[in-house]
Amino acid sequence: MDVITFHYTISPDDFTRAGEASSDVKSKLKKMGVTPEAVRKVAIAMYEGEINMVIHAKGGEITVHISTERIEMVLEDVGPGIPDIDLAMQAGYSTAPDAVRSLGFGAGMGLPNMKKYSDEMEIHTVIGEGTTIRMVVNL
Amino acid sequence: MTIRELIDTGEFETIHVGERTDRSITKPFCCDLLSIAMGKAPEGCAWVTVMGNMNTLAVASLTDAACVILAEGVAPDEAAKQKAIEQNITVMKTGLPIFEAALLIEKRLSHEDA
Ligand SMILES: Nc1ncnc2c1ncn2[C@@H]1O[C@H](COP(=O)(O)OP(=O)(O)OP(=O)(O)O)[C@@H](O)[C@H]1O
Ligand SMILES: [Mg+2]
């Protein structure tokens, strides 16, 4: 089956561009006629991952694979890694610095949203090397 | 009530009129933390917040909010104004507190149902 792939490079600390990759995927999926529900799930899950790469890592790469059955998002960063994934996944847990909290980030709901809005989610992280998160939304 | 009808009430000051103003507003929604809004903002909501930065606009667009209403006299910064234009989202402002602004919308909506 045909798979369409989109690729994005996410810049670190650039809030003026943060979310653009997710917006772009959202509008592409809409144009392809993907159901509004699936579009919303992808948009939310990917945005949270994208923002985390901007805030907590040093930016990174996002690859989105689209087939008729599923949308797979792979987010790779070369940031500090996540020391305790279970803790990071807890609603309310955040290490966001004050500067980004004042923008409205730091509720500690990003990873829980990613889990909630994706049908599959895997986190692979190595301290000091980076984090790769794979999420799937079934169509 | 559509976005256009809310604008026409004159209750709020319009900052940017976005696309699809004929969309119905489903309900008011109040939240200042982005990832809570991301997870909970109902589609078609009128999102009332005091966060006037561009990230609010990004989240509003991704969650398909009908419009953003900045409360407590908060004005959007320049980047937020640009984002509103770029994403074509209706943005309004008011000096009212968040709750009062949301209540005003809720009253108009429940008036319609009655
Ligand atoms: N890509 C990443 N690299 C390193 N650490 C991360 C990464 N993503 C998340 N984290 C860690 O996990 C914590 C929880 O992430 P989560 O997205 O749930 O909340 P947040 O980003 O702090 O706040 P919010 O997303 O609610 O604005 C972060 O505070 C950070 O410590
Ligand atoms: Mg986050």
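Scroll up a little and you will see the structure.
The structure contained in this document is the topic of the report that follows. (Residues numbered from 1 in each chain as written. Chains lettered and ligands numbered in written order. Predicted model: local features only at pLDDT ≥ 70, side-chain atom pairs only at ≥ 80, totals over all residues. Heavy atoms only, no water.)

**Observations concerning the nonpolar core**
Okay, step 1: If you look at the biggest cluster of nonpolar residues, it comprises 59 residues, and the most contacted ones within it are Y8(A), V64(A), M73(A) and W47(B).
Okay, step 2: Ignoring anything within four residues of it in the chain, the contact list for V64(A) reads I4(A), T5(A), F6(A), Y8(A), V25(A), M46(A), I71(A), E72(A) and M73(A).
Okay, step 3: Core analysis: the second largest hydrophobic core is formed by 19 residues, F12(B), A46(B), A71(B) and A101(B) among them. (Core = buried A, V, L, I, M, F, W, Y, C linked by side-chain atoms within 4.5 Å. Buried < 20%, exposed > 50% of the residue type's maximum accessible area, 1.4 Å probe, protein only. Contact = heavy atoms within 4.5 Å.)

**Focus on the sheet that holds strand β2 (residues 60-66) of chain A**
Residues and elements named next belong to chain A.
Okay, step 1: Pairing is antiparallel across the open sheet formed by 5 strands, whose spatial order is β1-β2-β3-β5-β4. Both edges of this open sheet fall to β1 (4-10) and β4 (120-126), since each of them pairs with a single strand only. The average angle at which neighbouring strand axes cross in this sheet is 10°, direction not considered. (Pairing = 2+ DSSP bridges. Helix = DSSP H or I, 4+ residues; strand = E, 2+ residues; numbered from the N terminus. Axes fitted to C-alpha atoms, helices over the stretch in contact; angles between N-to-C directions.)

**Quick notes on the interface of chain A and chain B**
Okay, step 1: Between chain A and chain B, the residue contacts involve 25 residues of the former and 22 residues of the latter.
Okay, step 2: Contact between chain A and chain B buries roughly 1,800 Å² in total, counting both sides, with carbon and sulfur atoms accounting for 51%.
Okay, step 3: Linking chain A with chain B are 1 salt bridge.
Okay, step 4: At the boundary of chain A and chain B, one finds 9 residue pairs in polar contact (both at pLDDT 80 or more). (Buried area = accessible area lost by both parts, 1.4 Å probe. Salt bridge = Lys/Arg side-chain N within 4 Å of Asp/Glu carboxyl O. Polar contact = N/O pair within 3.5 Å; in protein donor to acceptor, adjacent residues only side chain to side chain.)

**So, the pairing of strand β4 (residues 67-70) of chain B**
Residues and elements named next belong to chain B.
Okay, step 1: The alternating pattern of β4 places C67 and I69 on one face and V68 and L70 on the opposite face, and all of these are buried.
Okay, step 2: Crossover connection from strand β3 (residues 46-49) via helix α3 (residues 54-62) to parallel β4: handedness right-handed.
Okay, step 3: Examined bridge by bridge, β4 and strand β5 (residues 90-93) share 4 bridges and lie parallel to one another. Residue pairing for β5: V68 is matched across the bridge by V91. (Right-handed = clockwise from strand over helix to strand, strands pointing away.)

**Concerning a negative patch on the surface**
All names here are of chain B.
Okay, step 1: Taken together, the side chains of E5, E106, E112 and D113 define an acidic patch exposed on the protein surface.
Okay, step 2: Top contributing element to the negative patch by residue count: helix α5 (residues 98-113), with 3 residues.
Okay, step 3: Within the secondary structure layout, E5 lies in helix α1 (residues 3-8).
Okay, step 4: Classification of E5 as partly exposed rests on a relative accessible area of 40%. (Patch = residues over 30% accessible without salt bridge, like charges linked within 9 Å, V, L, I, M, F, W, Y side chains within 5 Å. Areas by Shrake-Rupley, 256 points an atom, 1.4 Å probe, with all protein chains shown as cover. Lys, Arg positive; Asp, Glu negative; His and termini not counted. Charge placed at Lys NZ, Arg CZ, Asp CG, Glu CD.)

**Here's the deal with the packing of aromatic side chains**
What describes a pair of aromatic rings is the distance from one ring centre to the other and the angle between the planes of the rings.
All names here are of chain A.
Okay, step 1: Taken as a whole and judged by the stated rule, the model has 1 aromatic pair over all chains.
Okay, step 2: Ring centres of F15 and F105 lie 5.7 Å apart, and the angle between their planes is 35°; on these two criteria the pair is classed as tilted. Within this pair, whereas F15 is found in the loop between β1 and α1 (20-32), its partner F105 is found in the loop between α4 (98-101) and α5 (110-117), the two being separated by 90 residues in sequence. The same class applies to F15 and to F105, which are both buried.
Okay, step 3: The ring of F6 carries the charged tip of K28 above its face, separated from the ring centre by 4.5 Å. (Phe/Tyr/Trp six-rings, centres within 6.5 Å; stacked < 30°, edge-to-face > 60°. Lys NZ or Arg CZ within 6 Å of the ring centre and 35° of its normal.)

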